[in-house]
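Okay, here's what each chain looks like letter by letter:
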Amino acid sequence: MSRAAAASPRLEYFDVLIVGAGISGIDLGYHLKKKQPGRTFAIVDGRDAIGGTWDLFRYPGIRSDADMQSFGFEFKPWTKDNAIADAREILDYLQEAIVENDLDRHLHLGHKVLRAAFSSSEARWTVTLKRVSDGEEFDVTCGVLFSAAGYYDYSGGYTPHFEGRDNFSGRIVHPQLWPEDLDHTGKKVVIIGSGATAVTLLPTMAAQAGHVTMLQRSPSYVLPVPRQDPIANTLRKLLPETAAWRLTRKININRQRLILALSRRYPKQVRRLIRRLNAGALPKDYAVDTHFNPRYNPWDQRLCVVPDSDMFRAISSGRASVATDHIVRFTANGILLQSGTELEADIIVTATGLNMLPFGGIDLQVDGQAIDLHDHLVYKSMMVSGVPNFAFALGYTTNAWTLKIDLVADHLCRLLAHMDRHGYSIVTPVVDDPTLVRGPFLDMDTAYIKRAMHLFPQQGSRGPWTVDQNYALDRARLHGPIEDPALNFTTGVVTSSATPREAAA
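The rules we used
- Residues numbered from 1 in each chain as written.
- Predicted model: local features only at pLDDT ≥ 70, side-chain atom pairs only at ≥ 80, totals over all residues.
- Heavy atoms only, no water.
- Helix = DSSP H or I, 4+ residues; strand = E, 2+ residues; numbered from the N terminus.
- Rg over C-alpha atoms; globule rule 2.2 N^0.38 Å.
- Buried < 20%, exposed > 50% of the residue type's maximum accessible area, 1.4 Å probe, protein only.
- Contact = heavy atoms within 4.5 Å.
- Areas by Shrake-Rupley, 256 points an atom, 1.4 Å probe, with all protein chains shown as cover.
- 1 Å grid on protein atoms, 1.4 Å probe; cavity = no way out; pocket = protein on both sides within 12 Å on 5 of 7 lines; lining within 4 Å.
- Points joined across faces, edges and corners; volume = space filled by probe spheres on them.
- Phe/Tyr/Trp six-rings, centres within 6.5 Å; stacked < 30°, edge-to-face > 60°.
- Expected span 1.5 Å × (residues − 1).
- Arc of directions from axis to C-beta.
- Pairing = 2+ DSSP bridges.
- Axes fitted to C-alpha atoms, helices over the stretch in contact; angles between N-to-C directions.
- Patch = residues over 30% accessible without salt bridge, like charges linked within 9 Å, V, L, I, M, F, W, Y side chains within 5 Å.
- Salt bridge = Lys/Arg side-chain N within 4 Å of Asp/Glu carboxyl O.
- Polar contact = N/O pair within 3.5 Å; in protein donor to acceptor, adjacent residues only side chain to side chain.

Within the protein chain one finds 14 helices and 23 strands. Taken over the C-alpha trace, the protein chain has a radius of gyration of 24 Å; the compact-globule value for 505 residues is 23 Å, and the two agree within 12%. Across its three principal axes, the protein chain shows a C-alpha extent of roughly 70 × 50 × 50 Å. Counting over 505 residues, the protein chain shows a buried share of 56%. Long-range contacts, defined here as pairs at least 24 residues apart, represent 72% of the contacts in the protein chain between residues at least 6 apart. For the protein chain, the exposed surface amounts to about 21,300 Å²; the carbon and sulfur share of it is 50%.

Below is the structure:
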């Protein structure tokens, strides 16, 4: 999926500059093409490939953790048999979306955004880019800056300090920086972690390894799901492709909403159900309560899905196991645990989490003043108070990521059309309620999220300032009116190249 960056790209001014060529950037690019056809835009990315997360992560078995009928674009049906898709299938799907919608010519890969400064007098951003191929820095300008960079730090993942790490004689790898030359055939592998990455790695590596152990301090919820959705694949045989996809998408979205609602209202019953599913997929007399019975309620943290029970089948076969214990230190031959057990290992995989970074770490300034994001509130989960002509897309943690992205992209296009109709050049969310109680942008009991919330803008306790992990609520809010007392529109320099007729779509 790589595309070499042009040697001398013609980047000067765009109505909209999109930072990130992954799912979110492609989604907004499509919406702008269809709903704002007279508006100029570019999609820049510091990497030389599209796909974002799906191209960056190369660890064995990487796959979606949501069904592709929900995770795919609203404008492009997912037509493959697998509902839980691997990274290659997803990258092919994204490339198809680019080609089908003529987005190639808007892509400028190998260009990293370093900083962006907004001028109210000029009603535009000046954005400094660094061309990765030769290190040259240069400025471009835009009317609206959009972050589609997600919230992961692409430079590296999180690894805590492990006593004695330097004593280990084998190889230590982190999933975010997976080495191409790593051969685990016949080796003893220990995976530290219990999240989505760990439960993906375990069955995939177990197919060739001598043995794989997943070492966790405490259990996570693991839910077996079919890799292929029987409802989706049956409907595709009975109905036209688009009709089958739309019906499947609706069914799956509502099913996820129901599971989340039941988890919140009846946590004990849902916990028992998940335990029963786990016990049924594991050998008789397996210590389910030791290894698969979390201390927290379902959906207090994200559930891990395992397609076709692949993790449980690997454990049942004896090729893999789970150890629930605390690490004392690394040794020359493996890991010494608090229980006194020493896990032997040739390879240790630290699936210990990710580092979060808001908006790709871009240094933002407004009229010469640096923006400390944590001092600001998010507006409708897509803009930041006090930051003009800036929007972002961050998907759901309790549902398919792309559901939120589609809503944000559509709302931004409506916002731009509204500004054109009224001759506005600047839009800025302004906190209009001094009694708002502030809270973290994401309120989940997950270590990598809690570690980073001081870097992100905050949410407010009500109104458009809340961050709701709820597709139905967001759909109503983002499909609602554009005009809002909390939005300050300014007339002045009009930088858009779209005519009112073109922008009214």
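Here we come to empty space enclosed by the protein. Following the criterion strictly, the structure yields four cavities of 30 Å³ or more and no others. By volume, the second largest cavity is sized at about 60 Å³. Lining the second largest cavity we find Gln69, Pro77, Trp78, Thr79, Ala232, Arg236, Glu241, Ala244, Trp245 and Thr248. Considering each element in turn, the lining of the second largest cavity owes the most residues, four residues, to helix H7 (residues 241–265).

Attention now goes to the packing of aromatic side chains. A complete count under the given rule lists 22 aromatic pairs for this structure. Ring centres of Trp54 and Phe71 lie 6.0 Å apart, and the angle between their planes is 80°; on these two criteria the pair is classed as edge-to-face. You can see Trp54 sitting in helix H2 (residues 53–56) and its partner Phe71 sitting in helix H3 (residues 68–71), a full 17 residues away along the chain. The class for Phe71 is buried, based on a relative accessible area of 7%. Both rings, one in Phe73 and one in Phe75, keep their centres 4.7 Å apart while their planes meet at 10°; by these two values the pair is stacked.

This part is about helix H8 (residues 267–281). In a regular helix each residue adds 1.5 Å, so 15 residues correspond to 21 Å; H8 covers 21 Å between its end C-alpha atoms and thus fits that length. Every buried residue of H8 is accounted for by Pro267, Val270, Arg271, Ile274 and Asn278. One side of H8 holds all its buried residues, which, seen down the axis, span an arc of 105°. Facing away from the buried side of H8 by more than 90 degrees, the exposed set consists of Lys268, Arg276 and Gly280. Where H8 is buried, its residues meet strand E10 (222–225), H7, helix H9 (288–291) and helix H10 (310–317).

With a phi angle near 50°, Lys380 is a residue other than glycine that sits in the positive phi range. Examined against the element boundaries, Lys380 turns out to sit in the loop between strand E19 (378–379) and strand E20 (383–384). The exposure class assigned to Lys380 is buried, which follows from its relative accessible area of 4%. The backbone phi angle of Ser381 is positive, close to 55°, even though this residue is not glycine. In this structure, Ser381 sits in the loop between E19 and E20. By relative accessible area, Ser381 is classed as buried at 1%.

Attention shifts here to the environment of Ile274. Within the secondary structure layout, Ile274 lies in helix H8. Classification of Ile274 by relative accessible area gives buried; the value is 5%. Placed 126 residues apart in sequence, Ile274 and Ala400 show a C-alpha to C-alpha distance of 20 Å.

Once that is clear, we can look at the environment of Ala42. Relative to the elements of secondary structure, Ala42 occurs in strand E2 (residues 41–45). By relative accessible area, which is 0% here, Ala42 ends up buried. In the structure, Ala42 is positioned 254 residues away from Tyr296 in sequence and 44 Å away in space, judged by C-alpha atoms. For Ala42, the contacting residues outside a window of four places in its chain are Phe14, Val16, Leu17, Ile18, His106 and His108.

Next up on the list: the sheet that holds strand E16 (residues 347–350). What the five strands build is an open sheet, ordered E7-E16-E8-E9-E12; its pairing is parallel. Two strands close off the open sheet at either side, each with one partner strand: strand E7 (171–173) and strand E12 (320–324). Across the sheet, the axes of successive neighbouring strands diverge by a mean angle of 20°, strand direction being ignored. Examined bridge by bridge, E7 and E16 share three bridges and lie parallel to one another. Across the sheet, the residue bridging to Val173 is Val349, located in E16. In the packing of helix H5 (residues 196–206) onto the sheet, contacts are made with strand E8 (188–192), strand E9 (211–216), E12 and E16, and the angle to E9 comes to roughly 165°.

The subject of this paragraph is a nonpolar patch on the surface. Together, Ile231, Leu238, Leu239, Leu247 and Ile251 line one region of the surface with nonpolar side chains, adding up to about 400 Å² of accessible area. Where the nonpolar patch is concerned, the elements lending two or more residues are helix H6 (230–238) and H7. With respect to the helices and strands, the residue Ile231 is situated in helix H6. Taking relative accessible area as the criterion, Ile231 reaches 37% and is therefore assigned partly exposed.

This part covers the side chain of His184. Mapping His184 onto the fold places it in the loop between E7 and E8. Under the relative-accessibility criterion, His184 is labelled buried at 10%. Within the structure, the side chain of His184 is placed 3.5 Å from the backbone oxygen of Met205, a separation counted as a polar contact. Excluding its chain neighbours within four sequence positions, the residues that come into contact with His184 are Val189, Met205, Gln208, Ala209 and Ile347.

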